[in-house]
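Structural features, examined
In case you want the letters, here they are:
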Amino acid sequence: KKSLRMADRPARKQSAGSIGPAKRKKPGTEYNIWYHKTPGKDYRGPTEPATSRVHLNRDEGWTKGEKAGSSTVCLHFARGACNKGAECQYLHRLPDEKIAARCPLTNDIFGRDRHRDNKSDMGGVGSFEKPSQTLYVGGLPGYSKEAEDAVRREFGEFGKLERVYYLKDKGCCFVRYKLRACAEFAKEAMIGQHLTLGNNPRKASAKKMGKKKVERRGAVAATTGTLNIRWAHDDPNPRTVRMEANRRRSQLEAKLTQHIRQQVRVQAPQHAAGIHVAPNHVPPSHPAFPPNVQPNLASAYPDTSSQYPGVPSQQPSSQYPNTSSQYPN
């Protein structure tokens, strides 16, 4: 029902003004396009609160880019600040498995180039040598059931979650998605946002409450601080390492199976036309010889010397001695 509704309606304009705030200038005069870094220490300013947020239920819809067959999602749509709506040349929808399959390894779902290594602060686009499916989420309160439920609810809106690991004493958690494309979308959609704790977060109104904490449990609860979202480092847990190795092996097997099926589909029209292309097939002009029969190499190749006048015709058999007599039977 959701997909049909989204296909029937045009994408909504999320913003009427200019798109996004100006970016901070980083120190250094040179830029390394391979490592996505500038000389010197990276600037790590405070995470600024986001000025907009995407709402998939009302913002998703068809665009010119979707009708043109684009597989790139609009970055400003993910941030809730696209001012083009249906006129946008990119997709205004949450990436699914079909869109993720068309996304190359060297680019993210927004079409930006990924790099060999992550930035020193684990921000940016990410590395094409890493899975890039796990997000580090900072700026959270101490562990509570409400906080974990809020993380699962609001991050689960952007794709299927494989695992949420909340560090009880650190005020942060790790969120792992099934698809890399969903992790990239969630990173841009949730950075600088706030989580609303409670059983009914849609009716929360911090302005009316005037406080971040509410004594009465179950109505409207606190809102967290500004979320700091970055890519997570590799998990050294042996169990996680084994799971990751099995996952990569399964992906490789799936890719190989898909490639073999594509080759079979390509060869199917040739079989229908009477062309036999089986791997063990022997062409009719060169029949297979029985084990005890020695082939006549002179008759296997045509005599092309007759095409050149003045060159005596010579069969290949006269150039090579017959050594078959050395081996009885």
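My aim in this report is to walk through the structure given alongside it, one point at a time. (Residues numbered from 1 in each chain as written. Predicted model: local features only at pLDDT ≥ 70, side-chain atom pairs only at ≥ 80, totals over all residues. Heavy atoms only, no water.)

**A few points about the overall build of the protein chain**
On a plain count of helices and strands, the protein chain comes out with 10 helices and four strands. Start at the N end of the protein chain and walk to the C end: the helices and strands fall as α-α-α-α-α-β-α-β-β-α-α-β-α-α. Across the 329 residues of the protein chain, 31% fall into the buried class. In the protein chain, 67% of the contacts between residues at least 6 apart in sequence involve partners at least 24 apart. (Helix = DSSP H or I, 4+ residues; strand = E, 2+ residues; numbered from the N terminus. Buried < 20%, exposed > 50% of the residue type's maximum accessible area, 1.4 Å probe, protein only. Contact = heavy atoms within 4.5 Å.)

**Some thoughts on the pattern of salt bridges**
The final tally for this structure, using the stated rule, is 16 salt bridges. One salt bridge connects Glu154 with Arg153, and the closest N-O pair in it is separated by 3.8 Å. Given a relative accessible area of 9%, Glu154 falls into the buried group. Counted as one network, the salt bridges with shared partners bring together Arg79, Asp108, Arg112 and Glu188. (Salt bridge = Lys/Arg side-chain N within 4 Å of Asp/Glu carboxyl O.)

**Focus on the environment of Arg53**
Of note, Arg53 is situated in the loop between helix H1 (2-8) and helix H2 (56-59). Using a relative accessible area of 23% as the deciding quantity, one classes Arg53 as partly exposed. Sequence separation of Arg53 and Ala81 is 28 residues, and the distance between their C-alpha atoms is 7.4 Å. Polar side-chain contacts of Arg53 include one of 2.7 Å to the side chain of Glu154. (Polar contact = N/O pair within 3.5 Å; in protein donor to acceptor, adjacent residues only side chain to side chain.)

**Some words on helix H7 (residues 180-190)**
Across the 11 residues that make up H7, a large majority, 11, are buried. Among the residues of H7, those classed as buried are Arg180, Ala181, Cys182, Ala183, Glu184, Phe185, Ala186, Lys187, Glu188, Ala189 and Met190. Immediately beyond the C-terminal end of H7, within one or two residues, lies Gly192, with a positive phi of roughly 80°.

**Observations concerning empty space enclosed by the protein**
Within the structure shown, the criterion is met by two cavities of 30 Å³ or more. Counted as a void, the second largest cavity has a volume near 40 Å³. As for the second largest cavity, its lining consists of Asp108, Phe110, Arg112, Gly124, Val125, Glu184, Lys187, Glu188 and Trp231. Looking at the lining of the second largest cavity residue by residue, the classes come out as three nonpolar, one polar and five charged. (1 Å grid on protein atoms, 1.4 Å probe; cavity = no way out; pocket = protein on both sides within 12 Å on 5 of 7 lines; lining within 4 Å. Points joined across faces, edges and corners; volume = space filled by probe spheres on them. Nonpolar A, V, L, I, M, F, W, Y, C, P; charged D, E, K, R; others polar.)

**So, helix H6 (residues 145-155)**
Along H6, the positions that sit buried rather than exposed are Ala147, Glu148, Ala150, Val151, Glu154 and Phe155. Buried residues of H6 fall within an arc of 160° about the axis and therefore sit on the same side. Contacts from the buried residues of H6 go to strand E1 (134-138), strand E2 (161-167), strand E3 (172-177), H7 and strand E4 (228-231). (Arc of directions from axis to C-beta.)

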